[in-house]
Amino acid sequence: MALLMDPAEVPQGRGAERGGLMDPAEVPQLQWADPVSSSPRVYGRKQWRAVCKVLGNDNLLAEILVRLPPNPSSLPRASVVCKRWLGILSDPEFLKRFRKHHRKPPLLGFFEGYANRFAPVMDSPDRITASCFSMPKSSTPYSDHREYMGCRHGLAVLVNKQDRKTFVWDPLTGRQHSVDFPPGLDDAFTGNFCMWRAAVLCADAEDGHVHGDCFLSPFKLVLLCCGGYNTQAFCSVYDSVSGVWGGVFSTAVSRIISLLRPSILVGNALCWLISGGDILVFDLECQSLDVIEKPAFYYVTDGCFQILRMEGGGLGLAVLLDLTIQLWERKSNSDGVVGWVLLKKTIPLEGMFPRRMNSVRIVGYDEDTNVIVLTSMTGNFTLQLDSMQLKHIVKRNNICYDPFYPYTNFYTAGNTSLFTLYK
């Protein structure tokens, strides 16, 4: 956004102190308007006075600023123009309006298997690294056994199997909720081998609520375990409003829940990949736990399957065969029977990478932007399934199977101190 003010008319050395606009040389990050085209000599005095009148009105100025792009650098950069702009931009009510205006937070990057490893996907100056986050606090900092389980709605969830606790963590502020395991699950599997998975989602039912800065909002925490020699899956839901766990639901499974895939939210259901390609589905509304079989018999590893949220909000599945991705979707036929349908669209990966690849696997997916993460011998790539745009986000000389957990949020959510990064 151009700042419509003639730089020649800004008194030197007093912009920031008196609340006026700073000299453009002092704010090199901002995209200033051309001094000639924006001067009163071109616009005319009447037009220029009208512009100044608009910028001098806090309400009208806020209407302009709320339309800045939702990129991490937008608000911090604009906040250094003057103290008046900083006051507007750091106001919690403005930040709430900013989120509501844009609705959809940007994808900032992916946590690489752990809370302290982060792969940014944006370019400078919007590139967010692991150092920008506040790590979750630990009571045992040198022997922390919490396992990272994924992010949703700006919140991350971790599980400590030894202490029988789950943690809901806000990466921007470091704040966290600690929730003990539900008694029904904890008692049943104490001392027994059990695979634990967890998922969190914001449960704010306020009209117009936009996810981002959801730490103080109501949330639901779903804890899932696969026990009984991996023949049964059990889950329970924690409601932060009541502060209690619900009942325990169970269903038979043929194999363990995949350790390489977090849950995917499809409509009102959380879906986990079962090793081998089947899908475990927990319907939050109906409170039921079921298994959906894979669409065909594939002799491929878990790294070749990825649950998808399709364009219409339905359940999909990507299957990587050699260097081609097949896309499946659950649809109803003419008789109303729901089943898998192989879509005509396939994604050939041959020729898309900088050099020839013999082995590629899927290691991550963002349900909000429809982006998958691929791993290869040259590092990790994101692939946008709609535009087919490929981007190299991590460079290395070996293939890495660590899961990539997406993190989407408005970077300034709930933490006005982030503005100081650009001051």
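Residues numbered from 1 in each chain as written. Predicted model: local features only at pLDDT ≥ 70, side-chain atom pairs only at ≥ 80, totals over all residues. Heavy atoms only, no water.

A. A look at the overall build of the protein chain. When helices and strands are tallied, the protein chain shows eight helices and 24 strands. Buried residues in the protein chain amount to 52% of all 423 residues. Within the protein chain, contacts between residues at least 6 apart in sequence are counted, and of these 53% link residues at least 24 apart. With an accessible surface of roughly 19,800 Å², the protein chain has 51% of that area assigned to carbon and sulfur atoms. (Helix = DSSP H or I, 4+ residues; strand = E, 2+ residues; numbered from the N terminus. Buried < 20%, exposed > 50% of the residue type's maximum accessible area, 1.4 Å probe, protein only. Contact = heavy atoms within 4.5 Å. Areas by Shrake-Rupley, 256 points an atom, 1.4 Å probe, with all protein chains shown as cover.)

B. View of the sheet that holds strand β3 (residues 146-152). The antiparallel open sheet is built from four strands, whose spatial order is β3-β4-β5-β6. Lying at the two open borders of the sheet, with one neighbouring strand each, are β3 and β6 (176-180). Neighbour to neighbour, the strand axes of the sheet diverge by 20° on average, direction disregarded. Note that β3 and strand β4 (residues 155-160) share six bridges and pair antiparallel. (Pairing = 2+ DSSP bridges. Axes fitted to C-alpha atoms, helices over the stretch in contact; angles between N-to-C directions.)

C. Focus on the nonpolar core. Counting 37 residues, the largest nonpolar core has Ile279, Ile325 and Leu349 as its most contacted members. A total of five residues in this core trace back to one element, the largest contributor, which is strand β17 (residues 315-321). Grouped together as the second largest cluster of nonpolar side chains are 27 residues, Ile128, Phe133, Tyr148 and Leu172 included. (Core = buried A, V, L, I, M, F, W, Y, C linked by side-chain atoms within 4.5 Å.)

D. Region of the structure containing the UniProt feature "domain: F-box" (unreviewed entry) in the protein chain. On the UniProt side, "domain: F-box" (unreviewed entry) is annotated at positions that read residues 58-96 here. Across residues 58-96, helical content stands at 67% and strand content at 0%; the span's end C-alpha atoms are separated by 16 Å. (UniProt positions renumbered as here; feature names shortened; annotations may be inferred.)

E. Looking closely at the sheet that holds strand β15 (residues 288-292). If you walk across this open sheet you meet the four strands as β12-β13-β14-β15, and the pairing is antiparallel. For this open sheet the edge positions go to β12 (264-266) and β15, each flanked by a neighbour on one side alone. Ignoring which end each strand starts from, the neighbouring axes of this sheet average 30° apart. Here five bridges tie strand β13 (residues 269-273) to strand β14 (residues 279-283), and the two strands are oriented antiparallel to one another. Bridging from a neighbouring strand, Leu270 pairs with Phe282 of β14.

F. Spotlight on empty space enclosed by the protein. For the coordinates displayed, the defined rule picks out three cavities of 30 Å³ or more. If you add up the space inside the largest cavity, you get close to 180 Å³. Residue lining of the largest cavity: 21 residues in total, with Cys151, Arg152, Ser263, Glu367 and Pro406 positioned closest to the centre. Among the residues making up the lining of the largest cavity, the classes are represented as twelve nonpolar, five polar and four charged. (1 Å grid on protein atoms, 1.4 Å probe; cavity = no way out; pocket = protein on both sides within 12 Å on 5 of 7 lines; lining within 4 Å. Points joined across faces, edges and corners; volume = space filled by probe spheres on them. Nonpolar A, V, L, I, M, F, W, Y, C, P; charged D, E, K, R; others polar.)

G. Representation of the side chain of Ser74 within the structure. Tracing the sequence through the fold places Ser74 in helix α5 (residues 74-79). A polar atom in the side chain of Ser74 sits 2.8 Å from the backbone oxygen of Pro69. (Polar contact = N/O pair within 3.5 Å; in protein donor to acceptor, adjacent residues only side chain to side chain.)

H. Spotlight on the layout of surface pockets. Of the pockets and cavities examined, the largest pocket occupies roughly 400 Å³. As for the largest pocket, its lining consists of 18 residues, and the residues nearest its centre are His153, His211, Leu265, Arg309 and Asp368. In terms of residue class, the lining of the largest pocket is built from five nonpolar, nine polar and four charged.

I. Inspection of unusual backbone geometry at higher detail. Residue Pro125 is reached from Ser124 by a cis peptide bond, and omega for that bond is 10°. Here Pro125 is to be found in the loop between β2 (118-120) and β3. Of note, the phi angle at Gln287 is positive, near 55°, even though the residue is not glycine. Relative to the helices and strands, Gln287 is located in the loop between β14 and β15. On the basis of relative accessibility, which here comes to 33%, the residue Gln287 falls in the partly exposed class.

J. Geometry of the packing of aromatic side chains. Tallied over the entire structure, the rule returns 18 aromatic pairs. Summarising the aromatic geometry, the rings of Phe111 and Tyr148 are spaced 5.1 Å apart at their centres and angled 40° between planes, so their arrangement reads as tilted. Taken as a pair, Phe111 in strand β1 (residues 107-112) and Tyr148 in strand β3 lie far apart in primary sequence, 37 residues in all. Take Tyr148: its relative accessible area is 5%, and that puts it in the buried class. (Phe/Tyr/Trp six-rings, centres within 6.5 Å; stacked < 30°, edge-to-face > 60°.)

K. Representation of helix α4 (residues 58-65) in the model. Of all the residues in α4, the buried ones are Leu61, Ala62 and Leu65. Projection of α4 onto a plane perpendicular to its axis shows the buried side chains occupying an angular sector of 100°, all on one side. (Arc of directions from axis to C-beta.)

L. Just the packing of α4 against helix α7 (residues 92-102), in detail. Contact geometry for α4 and α7: axes closest at 10 Å, N-to-C directions at 40°. The orientation of α4 relative to α7 falls into the category oblique. Crossing handedness for the pair α4 and α7: right-handed. Judged by residue contacts, Ala62, Glu63 and Leu65 of α4 engage Phe94, Arg97 and Phe98 from α7. Split into classes, the residues belonging to the contact of α4 with α7 amount to four nonpolar, no polar and two charged. (Parallel < 35°, antiparallel > 145°, perpendicular 65-115°, else oblique. Left-handed = near helix turned anticlockwise from the far one by under 90°.)

M. Structural detail: the side chain of Ser258. Topologically, Ser258 is positioned in the loop between β11 (249-252) and β12. By relative accessible area, Ser258 is classed as buried at 2%. Looking at Ser258, its side chain comes within polar contact range of the main-chain nitrogen of Leu260, at 3.2 Å. Those residues in contact with Ser258 that lie beyond four places of it in its chain are Arg197, Leu273, Ile274, Ser275 and Asp302.

N. How the structure looks around the pattern of salt bridges. Going through the model one piece at a time under the given rule, you end up with 14 salt bridges. Of the charged contacts, one joins Asp402 and Arg117 as a salt bridge, the two residues approaching to 3.1 Å between their closest N and O atoms. Taken together, the residues Asp402 in the loop between β23 (390-395) and β24 (404-408) and Arg117 in the loop between β1 and β2 connect sequence positions 285 residues apart. Since its relative accessible area comes to 21%, Asp402 is described here as partly exposed. Glu367 is the partner of Arg309 in a salt bridge, and the nearest nitrogen-oxygen pair spans 3.3 Å. With Arg309 in strand β16 (residues 305-309) and Glu367 in the loop between β20 (361-366) and β21 (371-376), the pair connects residues that are 58 residues apart, well separated along the chain. If you follow the salt bridges from partner to partner, you end up with Glu112, Arg117, Arg396 and Asp402 in one network. (Salt bridge = Lys/Arg side-chain N within 4 Å of Asp/Glu carboxyl O.)

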